[in-house]
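A look at the structure
Here are the chains, one letter per residue:
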Amino acid sequence: MKRRIIIVLGIVLAFCLFGTSSAFATTTSENLSAYLINHYDRAPRGLRALSLSQTLSTLARSHSYEMRNKRLLFHTINLGSKVTGWHYLGENVGVGPDLRKLNAAFMKSYHHRANILCRCYSRIGVGVVRDSRGYYWVTHIFFS
């Protein structure tokens, strides 16, 4: 009996330590933001879905945290040197109280819309961070 308990506790501990890591997993908000781009913006226009990259999402999330902490909207400095192996690279940043409305605002902006609808991209990284007021700070990194 004691041996079985020790084995179960060992499995639980291993899962807690190695099973998941919130630093690398995309959040529900990040998945929603990528879904909106793929299913509401790209799919109706016959564009392939962008695959969600964990590596790019980690970088995008870090940038969203930085913007939130500074309470300032800005693009990633030297993005091209922080991402390797790219042929095409783009970034959208925004802040707003609702992800769907923020996505609609991106689509109304020529440059943001161009990134979202560009056939040249194959992957996306999404970083979404909320502040104390409930606003979403969003970074999209487009990659191919």
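Residues numbered from 1 in each chain as written. Predicted model: local features only at pLDDT ≥ 70, side-chain atom pairs only at ≥ 80, totals over all residues. Heavy atoms only, no water.

Some words on the side chain of His63
With respect to the element layout, His63 can be found in helix H3 (residues 54-70). A distance of 3.3 Å separates a polar atom in the side chain of His63 from a polar atom in the side chain of Thr76. With residues near it in sequence (within four places) discarded, His63 still touches Phe74, His75, Thr76, Glu91, Val93 and Thr139. (Helix = DSSP H or I, 4+ residues; strand = E, 2+ residues; numbered from the N terminus. Polar contact = N/O pair within 3.5 Å; in protein donor to acceptor, adjacent residues only side chain to side chain. Contact = heavy atoms within 4.5 Å.)

A word on the environment of Arg100
By the secondary structure assignment, Arg100 is in helix H5 (residues 99-108). Once the C-alpha coordinates of Arg100 and Ser33 are considered, the two residues, 67 residues apart in sequence, prove to be 7.8 Å apart. In contact with Arg100, other than residues within four places in its own chain, are Leu32, Leu36 and Tyr40.

Describing unusual backbone geometry
Here the phi dihedral of Arg71 falls at roughly 55°; this positive angle occurs in a residue that is not glycine. Locating Arg71 in the fold gives a position in the loop between H3 and helix H4 (79-82). Phi is positive for Asn78, which is not a glycine, with a value near 55°.

Structural notes on the environment of Thr26
If you trace the backbone, Thr26 turns up in the loop between helix H1 (2-19) and helix H2 (28-42). Residue classification places Thr26 among the buried positions, given a relative accessible area of 18%. Spatially, the C-alpha atoms of Thr26 and Ser57 are 7.1 Å apart, while their sequence positions differ by 31 residues. Other than its neighbours up to four places away in sequence, Thr26 contacts Asn31, Leu52, Gln54, Ser57 and Arg61. Among the polar contacts listed, one links the side chain of Thr26 to the side chain of Asn31, at a separation of 3.1 Å. (Buried < 20%, exposed > 50% of the residue type's maximum accessible area, 1.4 Å probe, protein only.)

Quick notes on a nonpolar patch on the surface
A cluster of nonpolar side chains, Leu73, Val95 and Tyr135, forms an exposed patch at the surface whose accessible area comes to about 220 Å². Inspection of the secondary structure puts Leu73 in the loop between H3 and H4. (Patch = residues over 30% accessible without salt bridge, like charges linked within 9 Å, V, L, I, M, F, W, Y side chains within 5 Å. Areas by Shrake-Rupley, 256 points an atom, 1.4 Å probe, with all protein chains shown as cover. Salt bridge = Lys/Arg side-chain N within 4 Å of Asp/Glu carboxyl O.)

Section: the sheet that holds strand E3 (residues 123-130)
With mixed pairing, four strands are arranged side by side in an open sheet as E1-E3-E4-E2. Looking at the sheet topology across the chains shown, the edges are occupied by strand E1 (51-52) and strand E2 (89-96). With eight bridges connecting them, E3 and strand E4 (residues 136-143) associate as antiparallel partners. Among the inter-strand pairings, Val128 is bridged to a residue of E4, identified as Val138. Helix-sheet contacts for H2 involve E1, E3 and E4, and the interaxial angle to E3 is about 135°. (Pairing = 2+ DSSP bridges. Axes fitted to C-alpha atoms, helices over the stretch in contact; angles between N-to-C directions.)

A few points about the environment of Gly134
Position of Gly134 among the secondary structure elements: in the loop between E3 and E4. With relative accessibility at 15%, the residue Gly134 sits in the buried group. The spatial distance from the C-alpha of Gly134 to the C-alpha of Gly96 is 8.7 Å, given a sequence separation of 38 residues.

Looking at H3
With 17 residues, H3 extends 24 Å from end C-alpha to end C-alpha; this agrees with the ideal 24 Å at 1.5 Å per step. Those residues of H3 that sit buried are Leu56, Ser57, Ala60, Arg61, His63, Ser64 and Met67. Each buried residue of H3 sits inside an arc of 165° when the element is viewed along its axis, so together they form one side. In H3, the exposed positions that point more than 90 degrees away from the buried face belong to Thr55, Asn69 and Lys70. Those residues of H3 that are buried lie in contact with H2, E1, E2, E3 and E4. Backbone geometry just downstream of H3 places Arg71 in the positive-phi region, at approximately 55°. (Expected span 1.5 Å × (residues − 1). Arc of directions from axis to C-beta.)

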